[in-house]
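Structural description and commentary
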Amino acid sequence: SSGSEENDVVVIGGGPGGYVAAIKAAQLGLKTTCIEKRGTLGGTCLNVGCIPSKALLHSSHMYHEAKHAFANHGVKFSNVEIDLPAMLAQKDKAVSNLTRGIEGLFKKNKVNYVKGYGKLTSPSEVSVDTIDGGSTIVKGKNIIIATGSDVKSLPGVTIDEKKIVSSTGALSLSEIPKKLVVIGAGYIGLEMGSVWGRLGSEITVVEFAPDIVPSMDGEIRKQFQRSLEKQGVKFMLKTKVVGVDSSGAGVKLTLEPAAGGDQSTLEADIVLVSAGRTPFTAGLGLDKIGVEIDKVGRITVDERFTTNVPGVYAIGDVIPGPMLAHKAEEDGVACVEFIAGKEGHVDYDLVPGVVYTHPEVASVGKTEEQVKTLGVEYRVGKFPFLANSRAKAIDNAEGLVKILAEKETDKILGVHIMSPNAGELIHEAVLALQYGASSEDIARTCHAHPTMSEALKEAAMATYDKPIHI
Ligand code: FAD
């Protein structure tokens, strides 16, 4: 291993932030070691986050379509069944193939990989308790902290990963629960709720706030919530979980209105706690070398990802900014570019956000509420998928595109899409915002017909002029 020899870069954490930083550093000719305690690379995202959840979202969607949509297309069969172990096994296979793929990329790029728990003992030294029970010292001129985040617990709710599960447990339930209560209406709760709802669970989402997914454009959110309700998801908003009793066969939750008032109870077979995520720095030794953290435990960095301790950097979920895998990756590349003496840049205002339910909701830039707060005069262009020929052809026409542009210059400020595959459609808009495009730029760009992307072009037309098809 890397023991005595000094590295140019040592990365603690092998998630999307850390492993991407390590590969990029090696590509830039820096001698690099990555330390990961999990035993597999890819972090939260690959092992218990983005990837396994998308695998199950796809599998459960196929079942749901087979049951409820295929007949409309004239595809009939006598019986559709769920083989849950097979469904979970396909997810596990996807995960293990991908984690091994990153190990392969490490070898290809000559990134040294140390499996173990890293602790900072100085600004240039990490002591590692290795997975095989030993220990080793890894030295580096630059150290990047990419230790990510962990499930946020709720007071009075103890996660046992059996009846009261985090997203991790919800990715591996051994049976389809009859009643699943989801605490927290963020994107993780809605995605996992969708998975089990499609497989037959009765889903109730309890949320303290008055709205689901707080970061979403209000108008889109309303339609999104209605769509989920049509699918059978029940929402209890402005509601607080004050107690959870799992001593019986199922789980009994005690609820209270967020503003206070009479308590009520709710029964569940399984409770999913998805009330957010919190930066993970346990046992890292930050206090030992004096790395500053903020009130909520995030490592404080400047625009070059440098902490207050020279030579020590931090990226990804453990620092402020959207807690998303692609943001962590961008951080990782930019951070390493700075270390290598180049320039790097990540614009947190242009990080797309996607909720991978059905329909998906994807957005980039500002919501209408944010634009109002800015006080700029703006125009809104909207186009419903009901008027999009491809969406009608495939009988999947729920949702809309909404574009916000500055009134005076027509510069695009934000784009919001609710539709199947919105997470793919959004990137045209991300690029447009990145290039400072106007809505007219999109409207005058030739889009292939018939595609869902044409809805974006028409919404752009609607922003400064009139659309054709509505
Ligand atoms: P992490 O991925 O958390 O990786 C940090 C790694 O560091 C971990 O593997 C950990 O074991 C390791 N580590 C920590 N401390 C030490 C130590 N002291 N020594 C050695 N190793 C250590 N984001 C999206 O963009 N799209 C999605 O669809 C999406 N879906 C999600 C679904 C779920 C259910 C969850 C939970 C998250 C999802 N996310 C998604 C969020 C995404 O997973 C995170 O934003 C992303 O993983 C952050 O990357 P990171 O590298 O900063 O940290």
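Residues numbered from 1 in each chain as written. Predicted model: local features only at pLDDT ≥ 70, side-chain atom pairs only at ≥ 80, totals over all residues.

What to know about the UniProt feature "active site" (unreviewed entry) in the protein
The positions that UniProt labels "active site" (unreviewed entry) are, in the present scheme, His449. Of note, His449 is situated in the loop between helix H13 (439–443) and helix H14 (454–464). Owing to 10 C-beta atoms within 10 Å, His449 belongs among the exposed residues under this scheme. (UniProt positions renumbered as here; feature names shortened; annotations may be inferred. Helix = DSSP H or I, 4+ residues; strand = E, 2+ residues; numbered from the N terminus. Buried ≥ 20, exposed ≤ 12 C-beta atoms within 10 Å, placed from the backbone.)

Points about helix H6 (residues 187–198)
Side chains of residues three or four places apart in an α-helix project in the same direction, reflecting 3.6 residues per turn. Under the 1.5 Å per step criterion, the end-to-end length of H6 is 16 Å for twelve residues, consistent within 8% with the ideal 16 Å. Burial analysis of H6 places twelve of its twelve residues in the buried class, which makes it a mostly covered element. Of the positions making up H6, those classed as buried are Tyr187, Ile188, Gly189, Leu190, Glu191, Met192, Gly193, Ser194, Val195, Trp196, Gly197 and Arg198. (Expected span 1.5 Å × (residues − 1).)

Side note on the sheet that holds strand S10 (residues 234–236)
Read across the sheet, five strands follow the order S7-S14-S8-S9-S10 without closing on themselves; strand pairing throughout is parallel. Whereas interior strands pair on both sides, the edge strands pair on one side only; in this sheet they are strand S7 (164–165) and S10. (Pairing = 2+ DSSP bridges.)

Digging into the packing of helix H1 (residues 16–27) against helix H9 (residues 325–339)
The axes of two packed helices give the description: the angle between them and the distance between them. It is at 7 Å that the axes of H1 and H9 come closest, and there the two elements cross at 30°. Of the possible angle classes, the one that applies to H1 and H9 is roughly parallel. The handedness of the crossing between H1 and H9 comes out as right-handed. Residue-level inspection shows Pro16, Gly17, Gly18, Val20, Ala21, Lys24 and Ala25 of H1 in contact with H9, the latter providing Ala325, Ala328, Glu329, Asp331, Gly332, Val333, Cys335 and Val336. (Axes fitted to C-alpha atoms, helices over the stretch in contact; angles between N-to-C directions. Parallel < 35°, antiparallel > 145°, perpendicular 65-115°, else oblique. Left-handed = near helix turned anticlockwise from the far one by under 90°. Contact = placed C-beta atoms within 7 Å.)

Some details on the site of the ligand
In the neighbourhood of the ligand, 36 residues make up the surrounding shell, with Gly13, Gly15, Gly43, Gly148 and Gly316 lying closest. Classifying every residue of the shell around the ligand by side-chain character gives 15 nonpolar, 17 polar and four charged. (Near = placed C-beta within 6 Å. Nonpolar A, V, L, I, M, F, W, Y, C, P; charged D, E, K, R; others polar.)

Some details on the confidence of the model for the protein
On average, residues of the protein score 97 in pLDDT, and 99% of them reach the 70 mark or higher. ipTM for the predicted complex: 0.99, alongside a pTM of 0.97. (pLDDT = per-residue confidence, 0-100.)

Notes on the packing of helix H3 (residues 50–68) against helix H4 (residues 84–109)
Across the interface, H3 lies against H4 with an axial gap of 9 Å and an inter-helix angle of 145°. For the element pair H3 and H4, the recorded crossing hand is right-handed. Between H3 and H4, the contacting residues are Ile51, Pro52, Ala55, Leu56 and Ser59 on the first element and Met87, Gln90, Lys91, Ala94, Val95 and Leu98 on the second. Residue composition of the contact of H3 with H4, grouped by class: eight nonpolar, two polar and one charged.

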